[in-house]
Amino acid sequence: MVTESDRPILSQPAIEALRAELESLKEDGRRQMSERLLAARELGDVSDSAEFESAKQDQALMEGRIAKLEDLIKRAVVMEAPEDISSVGRGVLVTVRDVDSPQFEDSYVIAESEERVTGARVLSPQSPLGQALIGKKIGDRVTYNAPGGTFTYEVVSLAAADVT
């Protein structure tokens, strides 16, 4: 059973951008792929044609992206701009400082990877750091495990994100 938490939460502009990409792939992408496959067939024996095999692989990748986009758009929930930015949550721009290397600061927006955010990297709420940051306030510290080791960050600022 699919729950609300299993559904991607995206801004309206992100959903519109995904729809535009989907339409472009379904119309222009498929037409161009058809032309590419036809041109590769015209080169001769397709059973030993690297060009034809490459085109078929690219077509499969494109069809996979189309299927993913259709699923995302169908399941997506529209994210409203956060009203309360006193703690880390979806759509909030959070700046963190590495406790062990105070000169290192980085900013992230907690959002799905399909979001486009001006001036910050997108951090999935399902990622180890994203999970650790959710609900934290300025001055809170979080420790999380990553493939490169264990890291501790301090939340230094929170702001509304420019999610587009």
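Scroll up for the structure.
As the structure is a prediction and not an experimental result, all values here were calculated from the model.

This part takes up helix α2 (residues 50-75). Given 3.6 residues per helical turn, the α-helix brings residues three or four places apart onto the same face. The end-to-end C-alpha distance of α2 is 38 Å, a good match for the 38 Å that 26 residues give at a rise of 1.5 Å each. Within α2 the residues assigned to the buried category are Phe-52, Ala-55, Met-62, Ile-66, Leu-69, Leu-72 and Ile-73. Contacts made by the buried residues of α2 are with α1 (12-41).

Let's shift gears to the nonpolar core. If you look at the biggest cluster of nonpolar residues, it comprises 17 residues, and the most contacted ones within it are Leu-10 and Leu-18. Put simply, the parts of the chain that give this core at least two residues each are α1 and α2. Per element, the largest residue contribution to this core is eight residues, and it comes from α1. Once you skip the residues sitting within four places of it in the chain, Leu-18 turns out to touch Leu-10, Arg-65, Leu-69, Leu-72, Ile-73 and Glu-114. Among the nonpolar cores identified, the runner-up in size contains 15 residues, and Tyr-108, Ile-110, Leu-129 and Tyr-153 belong to it.

A packed helix pair is summarised by two numbers, namely the angle formed by the two axes and the spacing between the axes. Interhelical geometry of α1 versus α2 gives an angle of 165° and a closest axis separation of 10 Å. Classified by the angle their axes make, α1 and α2 are roughly antiparallel. As α1 runs across α2, the sense of the crossing is left-handed. Split into classes, the residues belonging to the contact of α1 with α2 amount to 13 nonpolar, three polar and 12 charged.

Analysis parameters
- Residues numbered from 1 in each chain as written.
- Predicted model: local features only at pLDDT ≥ 70, side-chain atom pairs only at ≥ 80, totals over all residues.
- Heavy atoms only, no water.
- Helix = DSSP H or I, 4+ residues; strand = E, 2+ residues; numbered from the N terminus.
- Expected span 1.5 Å × (residues − 1).
- Buried < 20%, exposed > 50% of the residue type's maximum accessible area, 1.4 Å probe, protein only.
- Contact = heavy atoms within 4.5 Å.
- Core = buried A, V, L, I, M, F, W, Y, C linked by side-chain atoms within 4.5 Å.
- Axes fitted to C-alpha atoms, helices over the stretch in contact; angles between N-to-C directions.
- Parallel < 35°, antiparallel > 145°, perpendicular 65-115°, else oblique.
- Left-handed = near helix turned anticlockwise from the far one by under 90°.
- Nonpolar A, V, L, I, M, F, W, Y, C, P; charged D, E, K, R; others polar.

As far as function goes, none of this settles anything; it's purely spatial.
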